[in-house]
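Each chain is listed here by its residues.
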Amino acid sequence: QSDKKIDLTPLKKAGVPIFFIMGGPGSGKGTQCEKIVAKYGLSHLSSGDLLRDEVKSGSSRGAELTKIMEAGQLVPLTVVLDLIKEAMLKEVAKGSKGFLIDGYPREVAQGDQFEAEIMPAKLAVFFEVSEETLVKRLLKRAETSGRADDNMDTIKLRLKTFNEATAPVVAHYEKKGKLARIKAEGTVEEIFSEVVKHFDKAIKA
Ligand code: AP5
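This one's a predicted model, so the numbers in the text were calculated from it and none came from an experiment.

*Asks:* So what's going on with helix α8 (residues 152-175)? Residues and values would help.
*Replies:* Look at α8: 34 Å from first C-alpha to last across 24 residues, which is about the 34 Å you get at 1.5 Å a residue. Of all the bends found along α8, the most pronounced is centred on Asn163 and spans about 40°. Within α8, burial applies to Thr154, Ile155, Arg158, Leu159, Thr161, Phe162, Thr166, Val169, Val170, His172 and Tyr173. Each element contacted by the buried residues of α8 is listed here: β1 (18-23), α4 (62-70), α6 (108-117), β4 (123-128), α7 (131-145) and β5 (179-183). The first or second residue beyond α8 is Gly177, which carries a positive phi of 75°.

Okay, structure coming up:
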């Protein structure tokens, strides 16, 4: 439980659909989310971006977060969930039609706590990509991203965390019948055409 009191009433009242977007580091979550936003007008919240913004803000917990992210580990659940709640409330106040929660959940408990405290997700989308492709994409991005975690040592640690903590989340939502597993090795457009099939169905339902 978080020790900060965040009033979630407006968020619950809005009752807009929520989509979890999952996949290994470099699986194309951010890339596909941009396209989903353009087509469906949903609000895109990336847990990694929210954490990097928190670091940039110079807050007292920023230095601690940087250390964890550079080690490719998961930051504490309540830190991420509070940042997401606050960002969702801001979007709801602007009239959000629904949410892409990108990079979340990364462990089973994150999803369970989110759904218990906020509301159940409509669908958990999982971008399935081989480790070889993930490493290739991240090393390419490293040439220009300036991200502290886009280096071979941290990439290995991010993959380890993904395999240990996040892979069970995929099985968790599969069991619940809420998983959309998308093979994401092809081109951005090929992958998006699969994404659209799932979103068209989920948004109509
Ligand atoms: P986060 O920022 O979420 O990083 P990540 O999961 O490692 O994912 P990326 O942002 O690197 O990649 P992506 O899947 O969005 O791919 P992208 O579209 O950019 O998290 C960073 C850290 O924050 C974590 O390690 C952790 O410490 C912490 N954190 C975050 N969330 C947390 C949580 N919930 N709980 C605890 N801690 C958390 O694509 C990658 C590259 O590939 C790009 O260059 C892109 O142009 C290219 N590309 C994309 N699609 C294709 C394609 N089809 N073909 C060729 N290239 C492609």
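And the narrative resumes.
*Asks:* For the site of the ligand, give the residues involved together with the corresponding values.
*Replies:* Not every one of the 31 residues close to the ligand is listed here, only the nearest: Thr31, Gln73, Arg106, Arg141 and Arg158. The backbone of Gln73 places a nitrogen or oxygen atom 2.5 Å from an oxygen atom of the ligand. Listed by contribution, the elements that provide at least two residues to the shell around the ligand are α2 (29-40), α3 (47-56), α7 and α9 (188-204). Looking at the shell around the ligand, the element that brings in the most residues is α3, giving four residues. Tallied by class, residues from the shell around the ligand come to ten nonpolar, 13 polar and eight charged.

*Asks:* I'd love a proper account of the nonpolar core, names of residues and values included.
*Replies:* Of all hydrophobic cores here, the largest spans 38 residues; its most connected members are Ile18, Phe20, Met88, Phe99, Ile101, Phe114 and Ile118. By residue number, the principal contributor to this core is helix α5 (residues 77-93), which donates ten residues. With sequence-adjacent residues up to four places away left out, Phe99 is seen in contact with Leu11, Val16, Pro17, Ile18, Phe19, Leu42, Ser43, Leu45, Met88, Glu91 and Val92. Membership of the second largest hydrophobic core comes to 25 residues, among which are Val129, Leu159, Ala180 and Ala184.

Calculation criteria
Residues numbered from 1 in each chain as written. Predicted model: local features only at pLDDT ≥ 70, side-chain atom pairs only at ≥ 80, totals over all residues. Heavy atoms only, no water. Helix = DSSP H or I, 4+ residues; strand = E, 2+ residues; numbered from the N terminus. Expected span 1.5 Å × (residues − 1). Bend = angle between axes of the 7 residues up to and from the residue. Buried < 20%, exposed > 50% of the residue type's maximum accessible area, 1.4 Å probe, protein only. Contact = heavy atoms within 4.5 Å. Near = heavy atom within 4 Å. Polar contact = N/O pair within 3.5 Å; in protein donor to acceptor, adjacent residues only side chain to side chain. Nonpolar A, V, L, I, M, F, W, Y, C, P; charged D, E, K, R; others polar. Core = buried A, V, L, I, M, F, W, Y, C linked by side-chain atoms within 4.5 Å.

Keep in mind these values describe shape, not function.
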